Amino acid sequence: MDEKEIIMVVEDSESLNNFIAKNLIEQGFEVIQCFNAKDAYRKLSKNFISLVILDLNLGDDIGGMRVLHSIRLQDKILPVMIVSSINTDKSKVEGFREGCDDYITKPFYIEELILRIKRMLEKSSLIGFNKNTVETLYTNGIFKLDLDSLTVCKNGKKIPMRKKQFDMMLYFIRNSNKILPFEAIYQNVWNEPIPDEKTLESNIYVNIRTLRNLIEDDKKNPRHIVSVSKCGYIFVPE
């Protein structure tokens, strides 16, 4: 390789992390090692990554599935391979639904892991994927959202919120002052096929109502999450 591909290994077992890294380096890859989710967030924002190898159980309160979800909210095509001891159909389906490109269970043969990595990298080069960083801190107007700590602040005051509202805030903050149709919100926040119109609007409305209760000074006269009749919403961060 003229330019080394950079593989991020997110695995809390030091011995397994080192074993994977050693073998990847021997194959000519550059490796960035992470041992928990917060470490992964920090290094994703500072390094240009070619592919992520991601364990699900990371020994902290965030977990690998949350890391995958956060990556996919920002980068639709960064190759991600889950390497996990969880060998259930439910876990695999959830992983692919969240956007992983491959799922391999422990124990595994290192030769198979490397072969799968090379095939994923070949595929990503064919679709024109460019290495990029993944942002973890967003500031827009009076709002600040931190993926590392999973917090939202308004005027410096932390606002506790559930996962779905957090994901919606991230989408809004990254797309402020634009008309955001119901379909676009659902596709980017739920990351699944768009349901029928009634279910679509109901799911979004329930979460918008909860989010307004959290961030608006006057929920009956919202100035941040503004409705656009029969279309969607505009997020105004000021």
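In short, a report on the structure. (Residues numbered from 1 in each chain as written. Predicted model: local features only at pLDDT ≥ 70, side-chain atom pairs only at ≥ 80, totals over all residues. Heavy atoms only, no water.)

1. Some thoughts on the environment of Ile110
In this structure, Ile110 sits in helix α5 (residues 110-126). Taking relative accessible area as the criterion, Ile110 reaches 11% and is therefore assigned buried. Separated by 43 residues in the primary sequence, Ile110 and Cys153 have C-alpha atoms spaced 43 Å apart. (Helix = DSSP H or I, 4+ residues; strand = E, 2+ residues; numbered from the N terminus. Buried < 20%, exposed > 50% of the residue type's maximum accessible area, 1.4 Å probe, protein only.)

2. Considering the sheet that holds strand β3 (residues 51-54)
Overall, parallel pairing links the 5 strands, which are arranged β2-β1-β3-β4-β5 in an open sheet. Here the strands that pair on one side only, and so sit at the sheet edges, are β2 (30-34) and β5 (102-105). Mean inter-strand twist for the sheet, computed between neighbouring axes without regard to direction, equals 20 degrees. Two strands pair when backbone bridges link them, and strand β1 (residues 6-10) and β2 are joined in this way by 5 bridges, in the parallel orientation. Each bridged residue has a counterpart across the sheet, and for Ile7 the counterpart in β2 is Val31. Sheet strands touched by helix α2 (residues 37-44): β1, β2 and β3. Its angle to β2, the strand with the most contacts, is close to 140 degrees. (Pairing = 2+ DSSP bridges. Axes fitted to C-alpha atoms, helices over the stretch in contact; angles between N-to-C directions. Contact = heavy atoms within 4.5 Å.)

3. Re the packing of aromatic side chains
Per the stated rule, a full pass over the model turns up 5 aromatic pairs. Ring geometry for Tyr171 versus Phe172: centroids 6.5 Å apart, planes at 40 degrees, classification tilted. By relative accessible area, Phe172 is classed as buried at 1%. Between Phe172 and Phe235 the ring centres are 5.6 Å apart and the planes differ by 10 degrees, which places this aromatic pair in the stacked class. Of this pair, Phe172 sits in helix α6 (residues 163-174) while Phe235 is found in strand β12 (residues 232-235), placing the two residues 63 residues apart along the sequence. (Phe/Tyr/Trp six-rings, centres within 6.5 Å; stacked < 30°, edge-to-face > 60°.)

4. Describing the pattern of salt bridges
What the rule picks out here adds up to 11 salt bridges. A salt bridge links Lys22 to Glu26, with the shortest nitrogen-to-oxygen separation between them at 2.8 Å. Of this pair, Lys22 and Glu26 both sit in helix α1 (residues 14-26), separated by 4 residues, roughly a single helical turn. Residue Lys22 is classed as partly exposed on the basis of its relative accessible area, which comes to 49%. We note a salt bridge from Lys163 to Asp167, for which the minimum N-O separation is 3.6 Å. Note that Lys163 and Asp167 are positioned in helix α6 at a spacing of 4 residues, about one turn of the helix. Residue class for Lys163 comes out partly exposed when judged on its relative accessible area of 38%. A residue is classified by how much of its surface remains accessible, and Asp167, at 0% relative accessible area, is buried. Beyond isolated ion pairs, a larger network of salt bridges with shared partners links Glu11, Asp55 and Lys106. (Salt bridge = Lys/Arg side-chain N within 4 Å of Asp/Glu carboxyl O.)

5. Regarding the packing of helix α7 (residues 182-189) against helix α8 (residues 197-215)
One way to put it is that α7 packs onto α8 with a least axis distance of 10 Å and a crossing angle of 70 degrees. Relative to α8, the element α7 is oriented roughly perpendicular. Across the interface between the two elements, Phe182, Glu183, Ile185 and Tyr186 of α7 pack against Leu200, Glu201, Asn203 and Ile204 of α8. Here the contact of α7 with α8 is composed, by residue class, of 5 nonpolar, 1 polar and 2 charged. (Parallel < 35°, antiparallel > 145°, perpendicular 65-115°, else oblique. Nonpolar A, V, L, I, M, F, W, Y, C, P; charged D, E, K, R; others polar.)

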